[in-house]
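The residues making up each chain are set out below.
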Amino acid sequence: MGEALRRRKWLIPWLLMLPGLLWLLAFFVIPNIRMLQIALSEGTLLTGFVGPPEIWAWANFPENVARFAGNFVNSLVYGGLATVLCFLIGYPLAYTIAFRGGRYKNILLFLVIAPFFTSFLIRTISWKVILGNDGPFLAVIRDGLGLVPANFTIIGTPLAVTAGLTYEFLPFMVLPLYVALERVDKRLIEAAQDLYAGPWRPGGTIAGALIGGGVAIAVGVGLGYARFLGDGADLMTVLFWGLAGVIPGILVGTAMISQAFLRITFPLTLPGVFAGSLLVLIPAIGDYINAELLGSPKTQMVGNVIQGRFLNQNDYPTAASLAFVLMAAILIGIFLYARLLGTEELQNATV
Amino acid sequence: MADETTTTTLLDAGLSRRRFLQGTALAGFGAFLAACGGGATPAPSGAPGESAEPGDGGEITGPLNWANWPAYIDLNEDESASPTLEGYQAKYGIEVNYVEDIQSNEDFFATISPALQAGLDSGWDLMCLTDYMVARLAGLGWLDEIDPANVPNAVSNVNDNLKGIEWDPDFKYHFPYQSGADGIGYNVKSTGRDLTSIADMFDPAFKGKLTFLTGYQDTFAFVNLLLLDRGEVSNTPPDMTNEDADKVYAFLKPYVDDGFIRAFTGNEYLQDFASGDTWVALVYSGDLASSGGPDDVFVYPDEGSIIWTDNFCIPKGAQHKRAAEAMIDYCYDPLIAAQMANWIYYLSPVKGAKEEIIKLDPEAADNQLLFPPPEVQAKSYPQPNLTTEEDAYFSDLSAKLEGA
C-alpha cells in the first residue's frame, strides 16, 4: 500500500481532499442541482411539481426577480449598510483590543463573543423591548430630551432592521479584524514613526468626525426618519443623529488615525477587512429574522419572501428560484470582490 | 436602570403567568426555529414511509403519535405532566407520544403532504388542525374515516352547534378539539378609549400601532366583516370569493403603505403589547386574558367575529388508528373536557363540559372567553371555506400585503 502510494504520488493530494470533495458533492452540489430543478418547475404542492426534463420554466427567474425586486433592494441596502456599520464600529474595537488591550485582551475578546451564549432569537426580541415604544431608548431621546416627536417610532423602520443586523453580525467582523491586527508587526510601526510618519492629530480628529457624523446622519435620516414618516426630518433630529456620530468619530479618529496607521497598520489589515466584510455581508443579506421581528411589511427582505413562499404558500418553485438568484448574486459579488482585492488577500484572510 | 425596568415589565407580563406559553408566543419562536433548522421536526416513532395498511388490526395498540399545537393541553401544577394524557395512559395502558409540532397549519401541512401524497404513513396517528385544513385534507382523501362505533362518547357529546359542518356533516373524518374566536385586542391605557367595532381599529390616533394576523384566514375574514357592515361586499366570511378578497386587499393596502398597519404577526403580538409598540390588534380570544398585561382588553366587535375550531383527524395510513379513536373518545368525556378547558381557556366542544367547568371553578361561569354570550354567538362566522385555486389566490394576496 505504502509502496503503491509512493509510486503514484499524484494521488495523495486527491486522497486528502476526498472527504472534503465528497462532502461538497453531497451537501452542496447535489442539493443545488435539485434546487435549480425545483426553480425551473411549475405546479403546486397539491397537483405536484413538474420540472426538468419535462418542463424548463426559465421564465420563473425574471418574473420572480421583477416581482420581488423591492425585497432584493431591501436585502442589499440593509445588508450592505450593516456591513459598513460593522466595519466602522468593529475596526476601532478590534484595534483597541489588539493594541491597547494589555492583560485584559482575553476578557475583552470573550466579551465580544459573549452574546453568542444567548439564542439570537432572544437577543433580537430583546431589541424589540429596548427600542420599543415604552423602551429605555425612546424614554431618553423622546421623553427625556424631547429630540423627536411623540409619534416617533424605531420598531418597524428600516433603521431598526439595519441596527439589528449590525448588532447580530458585529462579532463576525471583529474577530477577523482582531486576528489581522494582532499579526501587524509593531516594529514596522515604530520604524515608520522613526521615518517621519508622525501623529496626524487634527487630520485624524477631522476625518473621524466627518465619517462618524456623515454616516450617522445618512443612516438616521435616510432610513429611520424620513422614510418612515415621509415628511422629511426636522433640524433637531438631524443634529441629534449628527452629534451621535461626530462625538465617537472624534474620539476614535484622534486616538487611532495617525500617519503610521494610514501607511502601515490599515494596509496590513486589509485581509481582515475583506474576510470580516464577507462574513457579515453574506449572512446579513440572507437574514430574515431581523426584518421579521424588528421590521414592518415595507422592510421585508428577500429571505422573508423565500421563507414565506416555502412554508406558507408552499410555492416551492418561486422560493427556489429566488434562493438560487440570491446565491448566484452573492457568488458573483464575492468573485468580483476577490478579483478586486486579489486572491492572495483572500488566502491571507483565511489563514 | 430604565433597561432593567422594561425587561422586568415584559417578564411580569409574561413569564409570571402560568400560561405565558399559552397561545403561543412560543409557537412563533418554534416556527422560526423550525425554519432555521431546515424544518427539522423530530420524527415520531413509526417512521414515515412504512406501509399504509392500518397496523393495529382492530386492537388498541400504542404508542399513540399525536401532533398538536403548543400549550394546547392541560398540565399539572408544576407543569411536568398532563393529567389527561396520564389518565389515558392509565386507562388503556399504552404510551402517548404527544408532540407539540404544529405551529401553523400550512407549515405542518408541508411536513406531512409528501408522505400522504405518496400513499405512505405520515408517522402520525392523530392530529389537531383547523377547519379549513381538515377540509382540505379530507378533500384530498388523505384522512382515515373515524369508526363511530369506536367513539360513542364523541358521537353523543359533541355540541349541537358544531354538527352538520359543510365539508363533513356526519363526522366521518373529524371531531372538534377546541374552538376559539378572533376579536379586537387593545391596551386601554394607550388608546385612552374603549373600542367596540372593527371600524374603531382605524382611528387615526392608532397610526403605526395597529397589527393584524398573518395569513388570510383571520385577517381577510375579519376585515370582510367590516366591509359587509358597510355594504361594500355581500358575502359572509365563509362564502368569500376572490372579488371579496380583492376588496379586502384594496381596503388594507393604503393602511399598510403609509405605515398605519405596522405589522402582520403571529402570536408575537403579545410581546408587542408588552413593549407598547402595539396598541390595537386582531387577536385570538384567550391570549390577552391569559398572557397579556392588566390593561390589555379583548372585545368581540359589533360587526361580528370569526370563530374557528381545531379538529381531531386521523391521517391515512395511521399505524395506531384504534388508539387515536380511543383518545378522541376519552377527550369527549365531559369530566376530561372540563379539566382541559379549565386550563387552556378555549371553548370545549363537549356537551356537559360547561357544568363540569363551573363545578371545578364557579367563577368561570362569567368568563366570556369560555362562554361567549348569545349575542356574540349569533354574529360569529367561520373562516373562509375555499377551493384550492381560491386558497392560492387568497394567500398570494395576503403575502403581497405582508410585503413578501
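Source: prediction; values computed, not measured.

Rules and cut-offs
- Residues numbered from 1 in each chain as written.
- Chains lettered and ligands numbered in written order.
- Predicted model: local features only at pLDDT ≥ 70, side-chain atom pairs only at ≥ 80, totals over all residues.
- Helix = DSSP H or I, 4+ residues; strand = E, 2+ residues; numbered from the N terminus.
- Buried ≥ 20, exposed ≤ 12 C-beta atoms within 10 Å, placed from the backbone.
- Contact = placed C-beta atoms within 7 Å.
- Pairing = 2+ DSSP bridges.
- Right-handed = clockwise from strand over helix to strand, strands pointing away.
- Nonpolar A, V, L, I, M, F, W, Y, C, P; charged D, E, K, R; others polar.
- Axes fitted to C-alpha atoms, helices over the stretch in contact; angles between N-to-C directions.
- Parallel < 35°, antiparallel > 145°, perpendicular 65-115°, else oblique.
- Left-handed = near helix turned anticlockwise from the far one by under 90°.
- pLDDT = per-residue confidence, 0-100.
- Expected span 1.5 Å × (residues − 1).
- Core = buried A, V, L, I, M, F, W, Y, C linked by C-beta atoms within 7 Å.
- Domains from an automatic or database assignment.

### Comments concerning the overall build of chain B
Broken down by element type, chain B carries 16 helices and 10 strands. Considering chain B as a whole, with its 404 residues, one finds that 53% of them fall into the buried category. Taking all contacts inside chain B whose residues are at least 6 apart in sequence as the whole, residues at least 24 apart take part in 80%.

### Some words on the overall build of chain A
The secondary structure content of chain A amounts to 17 helices and 2 strands. Dimensions along the principal axes, computed over C-alpha positions, put chain A at roughly 65 × 65 × 35 Å. Sequence-distant contacts in chain A: of pairs separated by 6 or more residues, those separated by 24 or more amount to 77%.

### Re the pairing of strand β1 (residues 64-67) of chain B
A regular strand places its side chains so that they alternate between the two faces of the sheet. All names here are of chain B. On β1, burial covers both faces: L64 and W66 on one face and N65 and A67 on the other are all buried. With 4 bridges joining them, β1 and strand β2 (residues 96-99) adopt parallel strand pairing. Opposite N65, over in β2, you have N97 as the bridge partner. After leaving β1, the chain enters helix α3 (residues 83-92) and then returns to the sheet as β2, a path that is right-handed. Bridge analysis of β1 against strand β3 (residues 126-130) gives 2 bridges, and the strand direction is parallel. Each bridged residue has a counterpart across the sheet, and for W66 the counterpart in β3 is L126.

### Considerations on unusual backbone geometry
A cis amide bond links P52(A) to the next residue, P53(A), at an omega of 5°. On the secondary structure map, P53(A) appears in the loop between β2 (48-50) and α3 (60-67).

### A look at the interface of chain A and chain B
At the interface, 33 residues of chain A touch 33 residues of chain B. Elements that contribute at least two residues to the side of chain A that touches chain B include exactly α6 (120-130), α7 (136-144) and α15 (302-311) of chain A. Counted by class, the side of chain A that touches chain B contains 14 nonpolar, 16 polar and 3 charged residues.

### So, the packing of α3(B) against helix α13 (residues 334-344) of chain B
Residue and element names in this part refer to chain B. The N-to-C vectors of α3 and α13 enclose an angle of 150°; their axes lie 10 Å apart at closest approach. In terms of orientation, α3 and α13 fall into the roughly antiparallel class. Residues P83, T84 and G87 of α3 pack against I336, Q339 and M340 of α13. Looking at side-chain class alone, the contact of α3 with α13 contains 3 nonpolar, 3 polar and no charged residues.

### Considerations on the environment of G208(A)
Residues and elements named next belong to chain A. Position of G208 relative to the elements: it lies in helix α10 (residues 201-229). For the pair G208 and G249, spaced 41 residues apart in sequence, the C-alpha separation works out to 4.2 Å. Apart from residues lying up to four places away in sequence, G208 is in contact with G249, I250, V252, G253, T254 and I257.

### Re the packing of helix α8 (residues 158-182) of chain A against helix α13 (residues 270-286) of chain A
Packed helix pairs are characterised by how far apart their axes lie and by the angle those axes make with each other. Residues and elements named next belong to chain A. Following both chains from N to C, one finds α8 and α13 inclined at 160°, their axes separated by 8 Å at the closest point. What the angle tells us is that α8 and α13 run roughly antiparallel. When you trace α8 past α13, the crossing you get is right-handed. Along the contact surface, α8 presents L165, F169, F172, M173, P176, L177, V179, A180 and L181, while α13 presents P271, G272, V273, A275, G276, L279, V280, P283 and A284. Its residues assigned to classes, the contact of α8 with α13 comprises 16 nonpolar, 2 polar and no charged.

### Observations concerning the confidence of the model for chain A
Residues and elements named next belong to chain A. With 90% of its residues at a pLDDT of 70 or more, chain A shows a mean pLDDT of 84. Per-element confidence in chain A ranges from a low mean pLDDT of 54 for helix α17 (residues 343-350) to a high of 93 for helix α5 (residues 105-113). Below a pLDDT of 50 lies the segment residues 226-233, which in the model reaches 11 contacts outside its immediate sequence neighbourhood of four places, other chains included.

### As for the environment of Y316(A)
All names here are of chain A. By secondary structure assignment, the location of Y316 is in helix α16 (residues 316-341). We classify Y316 as buried; it has 20 C-beta atoms within 10 Å. Remark: the alpha-carbon pair of Y316 and S41, spanning 275 residues in sequence, is separated by 8.6 Å. Apart from residues lying up to four places away in sequence, Y316 is in contact with I38, F49 and F310.

### What to know about helix α8 (residues 216-229) of chain B
Residue and element names in this part refer to chain B. Between its first and last C-alpha, α8 extends 19 Å over 14 residues, near the 20 Å set by a 1.5 Å rise per residue. Burial runs high along α8: 11 of the 14 residues are buried. All of the buried residues along α8 are Y216, Q217, D218, T219, F220, A221, F222, V223, N224, L225 and L226.

### Regarding the confidence of the model for chain B
Residues and elements named next belong to chain B. Confidence along chain B averages 81 in pLDDT terms, with 85% of residues attaining 70 or more. When the criterion is pLDDT under 50, residues 1-55 qualifies, and its contacts beyond four places in sequence or with other chains add up to 114 contacts. Among the prediction metrics, the complex's ipTM stands at 0.74, with pTM recorded as 0.77.

### Some points on the nonpolar core
If you look at the biggest cluster of nonpolar residues, it comprises 107 residues, and the most contacted ones within it are L126(B), V280(B), C313(B), M327(B), I328(B), A337(B) and A341(B). Counting residues domain by domain, this core receives three or more from each of domain 1 (11-179 + 309-372) and domain 2 (180-307 + 382-401) of chain B. Apart from residues lying up to four places away in sequence, C313(B) is in contact with M127(B), L129(B), V134(B), L137(B), L143(B), Y173(B) and H174(B). Among the nonpolar cores identified, the runner-up in size contains 67 residues, and A39(A), L165(A), F172(A) and L177(A) belong to it.

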